[in-house]
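Fold and geometry: a report
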Amino acid sequence: MQWARRWSRRALRWLAALLMLVVLAGAAIAAALLVTPMQTVTVAGQVIQVGATAPSLSWSGPGEIDLFGQSLPTDLRFTGPVRPRLQLSQITINSELTTLIEGHGHASPQTVLGARLADGWKHYFAWETAVVGAGTVLLVGAVAGWRRLPLKSTLKLLAAGLVVAEAINVGAIMATTYTAPSLLRQVHSLNDLVGNETQLPRIHPTGRPLRRIQAVVIGDSTAAGAGLAPVPGASGTARACGRSSDSYAADLSVTNGWQVLNLACDGATISQGLLGPQQHGRHLLPPQLAVAERAKNASVIIVSVGADDLNWAAMVRYCAITPRCDDRATAAYFQQQLASFSKDYLDLLSRLAALPSHPEVIINRYYNPFLARSATSPGASAMSAAIPGSPPRTSRRSRPAWPR
């Protein structure tokens, strides 16, 4: 009987020690997923960072891709509670961008992207495994010091802690570790990752070349100068679009003596205005980018777009009449709009990069209507960053080749 009680106490001690090691291993793994640096891969001049999502209770699901600060689920579904997370941290408008985003043609990024992402994931997991080991040693060593265990017992406890931690880490993430690379290697474009909600029409420029144009402005009412003094003798289309003699396109023309073509139109979005036709009253306007492509000698194209894509005016009106507009439902609606805009904006960048004349592209940001502490709209900081900052800052190929 005494032997049974002694065995029972020893079993309880071993069980308590194992439970403690499991808890410490979980803490080490959670910390590792937070602090392990994302791995950087470069494809076609674009910088993509590869890491892992936060652990999920489900055993399969999509990964994450961060486009311009907006987190989107991937179309790919991965096995395991921890899945790849990709961040597009730098966009450079260059001739390879279209292939990277859309995957058309036979350029090298189409075949390299998946391999680079797979390598980035494997490097990340190797780092994460090392961080888990280091974290486990620190946590178990702290417990051993607190318990004032002798050196031999401490070493045994450290060894047991490492075995338990890495077993749990590898066991929990193994499915993703071994299946994710093969899935990522199948990725030929960023659209393979995020998909397309709508298929935007292709750009087919028609009409005679506009050879004297030195700069082109495309976008919405901000670029058109809607609400300001109209252009004297303007055409019906220009009046309908609200193009003004006080727009920055007109200022550039007058100040520098340039031939500036202002195609911006009130209410224009990426899909209905810039890349697709826009119905404006009685006028069916061709895609702005299709007309801009006819200006083959233009050395710069300036873009202002985003507010109408996100239905910004309606959001501001709603926030002006409601006591609160920071509720979850409104924030969810805005995030849905922002996700759709992120995909369209990615497509716009690829089309700009594919312009045959390769003009310098400048994304003109909106002004910020919010003061730092006075916003009451849903995620006001996100709105002021996404709308007034609307398309986010992007890298440019070189210094602007300003018209002469």
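Residues numbered from 1 in each chain as written. Predicted model: local features only at pLDDT ≥ 70, side-chain atom pairs only at ≥ 80, totals over all residues. Heavy atoms only, no water.

The next subject is the nonpolar core. Considering soluble globular proteins, one finds that nonpolar side chains tend to be buried as a cluster. With 81 residues, the main nonpolar core has Leu117, Leu190, Leu193, Val216, Ile218, Ile301 and Leu348 as its most contacted residues. Discounting chain neighbours no more than four positions away, the residues touching Ile301 are Val216, Ile218, Leu289, Ala292, Leu352, Leu355, Pro359, Glu360, Val361 and Ile362. Core analysis: the second largest hydrophobic core is formed by eleven residues, Ala223, Trp258, Val260 and Val300 among them. (Core = buried A, V, L, I, M, F, W, Y, C linked by side-chain atoms within 4.5 Å. Buried < 20%, exposed > 50% of the residue type's maximum accessible area, 1.4 Å probe, protein only. Contact = heavy atoms within 4.5 Å.)

This part covers the pattern of salt bridges. On inspection of all chains with the given rule, the structure shows four salt bridges. A salt bridge links Glu64 to Arg85; the nearest nitrogen and oxygen atoms lie 3.8 Å apart. Taken together, the residues span a long stretch of sequence, with Glu64 in strand S3 (residues 60-67) and Arg85 in strand S5 (residues 84-90) at a distance of 21 residues. Residue class for Glu64 comes out partly exposed when judged on its relative accessible area of 28%. Using a relative accessible area of 23% as the deciding quantity, one classes Arg85 as partly exposed. For Asp66, the salt bridge goes to Arg85, with nearest N and O atoms at 3.8 Å. Of the two residues, Asp66 sits in strand S3 while Arg85 sits in strand S5, which places them 19 residues apart along the sequence. (Salt bridge = Lys/Arg side-chain N within 4 Å of Asp/Glu carboxyl O. Helix = DSSP H or I, 4+ residues; strand = E, 2+ residues; numbered from the N terminus.)

Before going further, it helps to examine unusual backbone geometry. Unlike most non-glycine residues, Asn311 shows phi in positive territory, near 55°. Mapped onto the secondary structure, Asn311 falls in the loop between strand S10 (300-304) and helix H10 (312-321). The backbone of His358 shows a phi angle near 50°, a positive value even though the residue is not glycine. Since its relative accessible area comes to 44%, His358 is described here as partly exposed.

A separate point is the sheet that holds S10. Adjacent strands of a sheet form backbone hydrogen bonds with each other and so pair up, either parallel or antiparallel. Here four strands make up an open sheet; going across it, the order is S7-S6-S10-S11 and the pairing parallel. The sheet is open, and its two borders are formed by strand S7 (260-262) and strand S11 (360-363), each paired with just one other strand. Neighbour to neighbour, the strand axes of the sheet diverge by 20° on average, direction disregarded. In this sheet, S7 lies alongside strand S6 (residues 215-219) in parallel orientation, the contact comprising three bridges. The partner of Ala215 across the bridge, within S7, is Val260. Strand contacts of helix H8 (residues 248-256): S6, S7 and S10, with the helix running at about 170° to S7, the strand carrying the most contacts. (Pairing = 2+ DSSP bridges. Axes fitted to C-alpha atoms, helices over the stretch in contact; angles between N-to-C directions.)

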